[in-house]
Amino acid sequence: MKRRHKSSFAIKKAQFNTELKEAKRRFPQEAFDEYFKREHITISFAVYSELLDILKTEKIYIDVRGENGKNEKQEISSSTIERFCRDFQNRINAVYLMQIMPEMGQVILDILWESDDTEILEFITSVRKKVIAKVIMKYLRDSKRIKEIAAFCKNNISEHVVFEQLLKNPNYQRAARRYKKTMDAKRLLFETIETSTPNDYTKLFPLARQEKRKFIIHIGPTNSGKTYQALEDLKKSESGIYLAPLRLLAYEQYEKMNREGVPCSMITGEERILMPGSFHQSSTIEMLDLSEEWDMAVIDEAQMAADRQRGGYWTSAILGARAKTIHICASGDAENLLIRMIESCGDEYEVQYHERKTPLVMDESAADFNFPSDVIKGDALIVFSRKDVHSVAAELQDHGVKCSIIYGSLPYDVRHREAQKFADGDTDVVVATDAIGMGMNLPIRRIVFLQTIKYDGINERPLTSSEVKQIGGRAGRYGKYDTGYVTSYYDYETIEGLLFSRMIPLRQVMINIPEDFLHKDGKISAILDTWNKIPAEKYYNKGDISEKISIARALESISDNRELIRRFIRIPINQDNRDIFGVYLEYYKLVNDGISPDIRRTMAEFGADTVDEESKDALLHLEIGSSIFDFLYAFTRAFGDMEDLYKILEGKRLISEKIFTILDKQKLNLKSCAYCGKKLKWSYQYNMCQECFRKRRYLRKHRQ
């Protein structure tokens, strides 16, 4: 029998693996930890310099979607160089850095030769460079120091820096020169916006600086009566405006004030109800007109000024509202930052502290909460997606428990009615997302967190302390429940720790781009992007306007009609839904081409009559239709015939009525297997049951 000889490659690989194993065993972890703590800037700068050299000398490849739908590597060209420069900074993370710089370990090894640590020097001289580089990269990954290096590179690089390197790269000089004119325009735009932006952001609101304003800051947890006290003062004022975080809350106060004999109008992004003879207004925070004067203003949930998506509207209201007296309602973590903002305006203020009306405790009797057997009347069950709200409610309804449901994409009048059904005792429990935590006063005995992880639009992450306090604080209703209870389906101890932890003061508030900046010379998307890249002053931050930038780019891809784009991006829209965003883009194209959109055709296409209420997806289609009618209303106010507004509101009312009918049946669809239709638990992770999974795996195996 012949003996099989190992190839030279196999021998070298085995030898390398042996050396690598020995190097890992001898690796001086503590010495490296100490060195990296001391020299992390030097190491990060060396990696950053190498990154610039790669951009300046190497061929660069990007991922593109091929004809078969799969990602493929493609070298950058004159058609992709602009996108590469623009997106490079955002793409940098630990994984991307290692992909574009496979020799990073060698770069760091070169720095280590300058170390005066004997233990490190002995280690790097005793092993081959290739082996050491491998060990160093493993250390960077395991210790998470690779993330620090990636963050340094991301903070220091920019679109202009990337372009300057490619301009020197012999592979891309020709393509880069074609892009130079665009980059010069962007650089000029950056300088224009930077010089136009004052160091003191209060100067962005000159009309408010001419006013003598008095702030009353109401600080307290949920269910402490802080908003109630502010609104009682608002009713007594000669004229006033209530600024709500949600359309539902604006609607509730509009109804309440009119019911109590104070004529009040309501203005939101999607609806406008003008009450004859009213001197009061209830609005969502985004609708504040900074040119209007009021006797009094109430800014609710002001801790939202720190929210990365919407926070800038609260900041604008605090710095720019023109009212003699301004009530601000906020949680305790916002107090210091609010005072700093008001002092920077030179305005007077006083702070009023509010205590909870009812105590809030963990429900120790339900520490091992079982679903659905432990659900009782007065519970609010919290999950973090529309899909899970439906699954939980359907499972409860299947066990004879009547449910109200509340989540963000439901029309606000439906949410209001569902909340009222729970308040009146027509339903036993409410199943809701965190939309319930923002000012909704419901008679909730106990909050039950069925989930402790939420998707925030970017990542799935654990709940924060402020989120748990905001939602959990809804338990207990003064006059009905003497104590509010909180429990959790998972992580009882974690929820308890977050609920009663010390509040961490907010460090930053968001600031919006001034409206007049959008009239500067340049594409709207470029102006927004440039504003976002200029570092903010003091305790301010630019927040996340990536969605607005994306919408502007989508409109620009149709036509760069800047005046029209400025008007369109003011219309609230859901970019993630293909149907809704498709109507939005279609209307933009028609208006740009000088054609009046056929609103009645759109209403007929998405109206209540097109949906069979027995259909499994009836609620989803009705919610999409309601959002499209919201767009039609906002569009018509900006561009259309005012006579169409009544027809739009009537169409929206019919959609809500059909949703009412479906929800009143208390027969939501249970989660089920996509293949056999078997009923599944709401918490089951997959859309296929175990039996179908095994059958399909068996069939695949035997086909092979």
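See the structure shown above.
Let us look at the structure shown here. (Residues numbered from 1 in each chain as written. Predicted model: local features only at pLDDT ≥ 70, side-chain atom pairs only at ≥ 80, totals over all residues. Heavy atoms only, no water.)

Notes on the pairing of strand β12 (residues 379-382)
In β12, alternate side chains face the same way, and those of Asp379 and Leu381 on one face and Ala380 and Ile382 on the other are all buried. Sheet analysis places β12 next to strand β15 (residues 446-449), joined by 4 bridges and oriented parallel. When the sheet's bridge partners are listed, aspartate 379 is paired in β15 with arginine 446. Pairing of β12 with strand β14 (residues 429-432), which is carried by 3 bridges, proceeds in the parallel orientation. From the neighbouring strand, alanine 380 faces β14, where its bridge partner is valine 430. (Buried < 20%, exposed > 50% of the residue type's maximum accessible area, 1.4 Å probe, protein only. Helix = DSSP H or I, 4+ residues; strand = E, 2+ residues; numbered from the N terminus. Pairing = 2+ DSSP bridges.)

Considering the pattern of salt bridges
Here the structure, examined in full by the defined rule, presents 48 salt bridges. Here glutamate 148 and arginine 145 are joined by a salt bridge, their closest N and O atoms 3.7 Å apart. Taken together, the positions of glutamate 148 and arginine 145, both in helix α8 (residues 145-156) and 3 residues apart, correspond to about one turn of that helix. Given a relative accessible area of 40%, glutamate 148 falls into the partly exposed group. Measuring nitrogen to oxygen at the nearest pair gives 2.6 Å for the salt bridge that ties glutamate 650 to arginine 653. One end of the pair, glutamate 650, and the other, arginine 653, are both in helix α26 (residues 644-664), 3 residues apart, so they sit about a helical turn from each other. Given a relative accessible area of 35%, glutamate 650 falls into the partly exposed group. (Salt bridge = Lys/Arg side-chain N within 4 Å of Asp/Glu carboxyl O.)

Notes on the packing of aromatic side chains
In total, this model carries 33 aromatic pairs according to the counting rule given. Aromatic pair phenylalanine 32 and phenylalanine 123: ring centres 6.3 Å apart, planes at 90 degrees, arrangement edge-to-face. On the criterion of sequence distance, the pair formed by phenylalanine 32 in helix α2 (residues 29-57) and phenylalanine 123 in helix α6 (residues 118-126) is long-range, its members being 91 residues apart. Comparing phenylalanine 32 with phenylalanine 123 shows no difference in burial state: the two are buried. Aromatic side chains phenylalanine 568 and tyrosine 584 sit 5.3 Å apart centroid to centroid with 70 degrees between the ring planes, which places their arrangement in the edge-to-face category. Taken together, the residues span a long stretch of sequence, with phenylalanine 568 in helix α22 (residues 562-568) and tyrosine 584 in helix α23 (residues 578-592) at a distance of 16 residues. Tyrosine 584 carries the same exposure label as phenylalanine 568, and that label is buried. Within the aromatic cluster, the residues linked to one another by ring pairs are Phe568, Phe581, Tyr584, Tyr587, Tyr588, Phe631, Phe635 and Phe639. Stacked on the ring of tryptophan 531, the Lys or Arg lysine 542 has its end atom at 4.0 Å from the ring centre. (Phe/Tyr/Trp six-rings, centres within 6.5 Å; stacked < 30°, edge-to-face > 60°. Lys NZ or Arg CZ within 6 Å of the ring centre and 35° of its normal.)

Re the sheet that holds β12
Strand order in the open sheet made by the 6 strands is β11-β18-β15-β12-β14-β13, with parallel pairing throughout. Lying at the two open borders of the sheet, with one neighbouring strand each, are β11 (360-362) and β13 (403-406). Each strand axis lies, on average, 20 degrees off the axis of its neighbour in the sheet, ignoring direction. Looking at chain direction, β13 and β14 are connected through 4 bridges and run parallel. Note that in β14 the partner of serine 404 across the bridge is valine 430. Here helix α17 (residues 412-423) sits on the sheet in contact with β12, β13 and β14, set at roughly 145 degrees to β13. (Axes fitted to C-alpha atoms, helices over the stretch in contact; angles between N-to-C directions. Contact = heavy atoms within 4.5 Å.)

Quick word on the pairing of strand β5 (residues 264-267)
Regular strands show a simple pattern: their side chains alternate between the two faces of the sheet. By the alternation rule, side chains of β5 split into Cys264 and Met266 and Ser265 and Ile267, which are all buried. Both β5 and strand β7 (residues 280-284) contribute to a ladder of 4 bridges, which runs parallel. Following the sheet pairing, cysteine 264 is matched in β7 by histidine 280. Where β5 and strand β6 (residues 272-273) come together, 2 bridges link them in antiparallel fashion. If you follow methionine 266 over to β6, its bridge partner there is isoleucine 273. Counted between consecutive antiparallel strands, the loop separating β5 from β6 contains 4 residues.

Quick look at unusual backbone geometry
Between phenylalanine 371 and proline 372 the backbone carries a cis peptide bond, its omega angle lying at 5 degrees. Despite not being glycine, asparagine 223 has its phi angle at roughly 60 degrees, a positive value. With respect to the helices and strands, asparagine 223 occurs in the loop between β3 (214-219) and α12 (226-236). One non-glycine residue, glutamate 301, adopts positive backbone phi at about 55 degrees. Inspection of the secondary structure assignment puts glutamate 301 in the loop between β8 (293-299) and α14 (311-320).

So, a positive patch on the surface
A contiguous patch of positive charge on the surface is contributed by Arg694, Arg696, Arg697, Arg700 and Lys701. By secondary structure assignment, the location of lysine 701 is in helix α27 (residues 690-703). By relative accessible area, lysine 701 is classed as exposed at 62%. (Patch = residues over 30% accessible without salt bridge, like charges linked within 9 Å, V, L, I, M, F, W, Y side chains within 5 Å. Areas by Shrake-Rupley, 256 points an atom, 1.4 Å probe, with all protein chains shown as cover. Lys, Arg positive; Asp, Glu negative; His and termini not counted. Charge placed at Lys NZ, Arg CZ, Asp CG, Glu CD.)

Here's the deal with the nonpolar core
Judged by nonpolar contacts, the single largest core of 113 residues is most densely connected at Ile299, Leu381, Leu396, Val431 and Tyr584. Looking at this core element by element, the count peaks at 11 residues for helix α25 (residues 618-639). Excluding its chain neighbours within four sequence positions, the residues that come into contact with valine 431 are Leu381, Val383, Val389, Val392, Ala393, Leu396, Cys403, Ser404, Ile405 and Ile406. Ranked by size, the runner-up nonpolar core spans 61 residues in total, among them Ala46, Leu51, Phe152 and Ile157. (Core = buried A, V, L, I, M, F, W, Y, C linked by side-chain atoms within 4.5 Å.)

A few points about the sheet that holds β5
Hydrogen bonds along the backbone pair up the strands of a sheet, which may run parallel or antiparallel. Pairing within the open sheet is mixed, and its 8 strands lie in the order β6-β5-β7-β4-β8-β9-β3-β10. Two strands lie at the open edges of the sheet, namely β6 and β10 (348-353), each paired on one side alone. Pairing geometry for β3 and β10, over 6 bridges, is parallel. Paired with isoleucine 216 across the bridge in β10 is glutamate 350.

Some details on the environment of glycine 408
In this structure, glycine 408 sits in the loop between β13 and α17. Distance from glycine 408 to alanine 435, taken between C-alpha atoms, is 6.2 Å for residues 27 residues apart in sequence. Among residues more than four places away in sequence, those in contact with glycine 408 are Arg415, Thr433 and Ala435.

Structural notes on the side chain of arginine 415
One can find arginine 415 in helix α17. For the buried arginine 415, which has no salt bridge, the nearest side chain bearing the opposite charge is aspartate 630, at an N-O separation of 7.6 Å. With near-sequence residues (within four places) excluded, arginine 415 lies in contact with Leu248, Ile406, Tyr407, Gly408 and Leu410.

Concerning the environment of lysine 138
With respect to the secondary-structure elements, lysine 138 resides in helix α7 (residues 129-142). Of the residues examined, lysine 138 reaches a relative accessible area of 32% and is grouped as partly exposed. Remark: the alpha-carbon pair of lysine 138 and glycine 105, spanning 33 residues in sequence, is separated by 9.2 Å.

Examining the packing of helix α3 (residues 81-91) against helix α9 (residues 159-168)
Where α3 meets α9, the axes come as close as 7 Å, and the angle between the chain directions of the two elements is 135 degrees. In terms of their interaxial angle, α3 and α9 are classed as oblique. Along this stretch, α3 crosses α9, giving a crossing that reads as right-handed. Only Glu159, Val162, Phe163 and Leu166 of α9 make contact with α3, whose side of the interface consists of Ile81, Phe84, Cys85, Arg86 and Phe88. Considered class by class, the residues forming the contact of α3 with α9 number 7 nonpolar, no polar and 2 charged. (Parallel < 35°, antiparallel > 145°, perpendicular 65-115°, else oblique. Left-handed = near helix turned anticlockwise from the far one by under 90°. Nonpolar A, V, L, I, M, F, W, Y, C, P; charged D, E, K, R; others polar.)

No statement about biological role is implied by the geometric values presented.
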